[in-house]
There are 2 protein chains.
Amino acid sequence: MPQNNAAKKITLEVVKTACSNCNLRELCMPLGLSRQEIERLDEMVSSRRRLRRGEHLYRAGEHFDAIYAIRSGFFKTDVLIEDGRDQVTGFQMTGELLGLDGISTEAHSCNAVALEDSEVCVIPFSHLEGLSREIRTLQHHFHKVMSREIVRDHGVMMLLGTMRAEERLAAFLLNLSQRFTARGYSPAEFYLRMTRDEIGSYLGLKLETVSRAFSRFQEEGLIAVQQKYVRILDTDGLKKLMSHQRG
Amino acid sequence: MPQNNAAKKITLEVVKTACSNCNLRELCMPLGLSRQEIERLDEMVSSRRRLRRGEHLYRAGEHFDAIYAIRSGFFKTDVLIEDGRDQVTGFQMTGELLGLDGISTEAHSCNAVALEDSEVCVIPFSHLEGLSREIRTLQHHFHKVMSREIVRDHGVMMLLGTMRAEERLAAFLLNLSQRFTARGYSPAEFYLRMTRDEIGSYLGLKLETVSRAFSRFQEEGLIAVQQKYVRILDTDGLKKLMSHQRG
DNA sequence: CGAGCAGGTTGACGTGGATCAAACGGCCTC
DNA sequence: GAGGCCGTTTGATCCACGTCAACCTGCTCG
């Protein structure tokens, strides 16, 4: 660590990175911590890191030693295999964690790329483990976060394994909408940070298919699209479409 | 807990369930624990549970309070959604853990069904968390296990999102082979515990497609199949097939 | 301001796998 | 040993999505 605890208390750097001052606390941290415990979290976050659009936060194969909490911005993670195929495995937004995949082998298993200018908190994993041995609620919270990731992935497997193109896109839009809502943004309108190609990769579809599905939704009055700007006009319609058995 | 620690030391039940006597230790537990620490693991496992083929270990929606280590047998997990669709999210064998998905909401998010007569160790989650606050290596091992699950799921997403039918089946067979090998069984021949339908569900294919792919592999001399009995004749052939760009 | 370009849309066509259907094989019960 | 059932195989047909290709739109940069 570049600085000890005493120094921390006075540097501006620390004030900026302190969890105790962070308005995202309720998103990435457990509720019900004592004031004291929350202050201890400040020890955990070693620094922040800013990334410009297109920059990698980490790359597959790199040594793992920290997880990242997104303070602002938007990311994608993707996996690349030898034969050239790749797939986007997820999109992450403010308040979500990145890097959990690296714990298992101590090397990152995917790439994380900023889709817009972003800022993350760097949480050295050994700090997190140390502190979660002392703070029960933190430990439990972290386990829940990892477990949620597993459940989320099962949802994606479900989507990829059983849904048809339009169902997948509807599910995708509803999921984004819900996550934006949880962050205090409008549930009904947002900018997509990713390209049609990236959406397609995530949903197991080609970009043309994604584009056609967008057009179709528009024709049917479910949404209004203008390139990356999306307005959801009929949430229930999307839900119905999503859960409707094959056509 | 039905029995306290003192009682544990003498009952036969405990001798049978003790981690310290378990020959699966190296599969489900971290290496490098002291004798003392290993004995403490015995406190963690509260009991065993036997299941007959077809029985549920847990069901989606049930309250979560323990994870399970498979001592012997074979399981599948599946998710069911309202509209009637379902998907197998995984197959688990000896030495693997079940139930990690339940941590996030304290309710299981999928069903776990024994595909043959099986036995599991019941590990109450609060015991595991308690002990991992005290034993660093246990904590770290558990985090690795959860992370590995995430990485595995990303692999499945990759499979579902980018591979064609025969590539998926090849990947599936190679994965099984590798896991059997790790358990000391033959890498080249094994009994499938699941039906074609279950394989299809897991791979995002219909059973007819799975069946045809099996036949095709047989014609090409890659494998020999007789219903559930599979012999792999050409591992490299399967690997090549798996990683070959759209044939 | 115009050129160049990346991302997006739309159309025409091809195909891998789904669907529908029939028949088969092993296994269990009576 | 006959009958029934479940899982599997195989064939014929269909269709959702991929592929290929043309064109369009908004941005960036000289």
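Residues numbered from 1 in each chain as written. Chains lettered and ligands numbered in written order. Predicted model: local features only at pLDDT ≥ 70, side-chain atom pairs only at ≥ 80, totals over all residues. Heavy atoms only, no water.

Going by what an unreviewed UniProt entry lists, chain A is known as Fumarate/nitrate reduction transcriptional regulator Fnr and is assigned to Rhodocyclus tenuis.

Caption draft 1: Molecular detail of the overall build of chain A. Each helix and strand counted, chain A has 10 helices and 11 strands in total. Its C-alpha atoms give chain A a radius of gyration of 20 Å, near enough to 18 Å, the size a compact globule of 247 residues would have. Its C-alpha atoms give chain A principal-axis dimensions of about 60 × 40 × 30 Å. The buried share among the 247 residues of chain A stands at 54%. If you take every contact in chain A between residues at least 6 apart in sequence, the share linking residues at least 24 apart comes to 71%. Total accessible area on chain A is roughly 11600 Å²; 49% of this is exposed by carbon and sulfur atoms. For chain A, the centre of its 34 positive side-chain charges and the centre of its 33 negative side-chain charges are spaced 3 Å apart. (Helix = DSSP H or I, 4+ residues; strand = E, 2+ residues; numbered from the N terminus. Rg over C-alpha atoms; globule rule 2.2 N^0.38 Å. Buried < 20%, exposed > 50% of the residue type's maximum accessible area, 1.4 Å probe, protein only. Contact = heavy atoms within 4.5 Å. Areas by Shrake-Rupley, 256 points an atom, 1.4 Å probe, with all protein chains shown as cover. Lys, Arg positive; Asp, Glu negative; His and termini not counted. Charge placed at Lys NZ, Arg CZ, Asp CG, Glu CD.)

Caption draft 2: Quick look at the protein's contact with DNA strand C. In the region of DNA strand C, 18 residues are neighbours, and Arg196, Ser211 and Ser215 of chain A together with Ala165 and Thr209 of chain B sit closest. Expressed as a percentage, the sugar and phosphate content of the atoms of DNA strand C within 4 Å of the protein is 66%. Within the contact set of DNA strand C, a base nitrogen lies 2.8 Å away from a side-chain nitrogen or oxygen of Arg212 of chain A. Contact between DNA strand C and Arg212 of chain B: a base oxygen at 2.9 Å from a side-chain N or O atom of the residue. It is helix α9 (residues 207-219) of chain A that provides the largest number of residues to the surface near DNA strand C, a total of five residues. In the surface near DNA strand C, the residues fall into three nonpolar, six polar and nine charged. (Near = heavy atom within 4 Å. Polar contact = N/O pair within 3.5 Å; in protein donor to acceptor, adjacent residues only side chain to side chain. Nonpolar A, V, L, I, M, F, W, Y, C, P; charged D, E, K, R; others polar.)

Caption draft 3: Geometry of the relation of the copies chain B and chain A. Expressed as a screw operation, the relation of chain B to chain A combines 0.0 Å of axial shift with a rotation of 180°, fitting to an RMSD of 0.0 Å. Such a turn and shift between the copies fits a two-fold axis. Using C-alpha coordinates, one finds that chain B approaches the rotation axis most closely at Arg133 of chain B, a distance of 2.1 Å. The fraction of interface residues of chain B whose copies in chain A are also interface residues reaches 100%, indicating that both copies meet through the same surface. (Least-squares fit on C-alpha atoms with pLDDT ≥ 70 in both.)

Caption draft 4: Main features of the domain arrangement of chain A. Residue and element names in this part refer to chain A. Structurally, chain A comprises domain 1 (5-157) and domain 2 (163-242). Counting residues at the interface gives 16 residues for domain 1 and 12 residues for domain 2. Both sides of the domain 1 and domain 2 interface together cover about 1400 Å² of buried area, and 58% of this is carbon and sulfur. Between the two partners, domain 1 and domain 2, sit four salt bridges. The partner of Glu198 in a salt bridge is Lys76, with the nearest N and O atoms 2.9 Å apart. Where domain 1 meets domain 2, there are eight residue pairs in polar contact (both at pLDDT 80 or more). Counted by class, the side of domain 1 that touches domain 2 contains seven nonpolar, five polar and four charged residues. (Domains from an automatic or database assignment. Buried area = accessible area lost by both parts, 1.4 Å probe. Salt bridge = Lys/Arg side-chain N within 4 Å of Asp/Glu carboxyl O.)

Caption draft 5: Molecular detail of the protein's contact with DNA strand D. Surrounding DNA strand D, one finds 19 residues, the nearest of these being Ala165 and Thr209 of chain A together with Arg196, Ser211 and Ser215 of chain B. Taking all atoms of DNA strand D within 4 Å of the protein, the share assigned to sugar and phosphate is 64%. Take Thr209 of chain A: an N or O atom from its side chain is 2.3 Å from a phosphate oxygen of DNA strand D. Interatomic distance of 2.9 Å between a side-chain N/O atom of Arg212 of chain A and a base oxygen of DNA strand D. Secondary-structure elements contributing two or more residues to the surface near DNA strand D are α9 of chain A together with α8 (196-203) and α9 (207-219) of chain B. The element best represented in the surface near DNA strand D is α9 of chain B, accounting for five residues. Class assignment of the residues belonging to the surface near DNA strand D gives a composition of three nonpolar, six polar and 10 charged.

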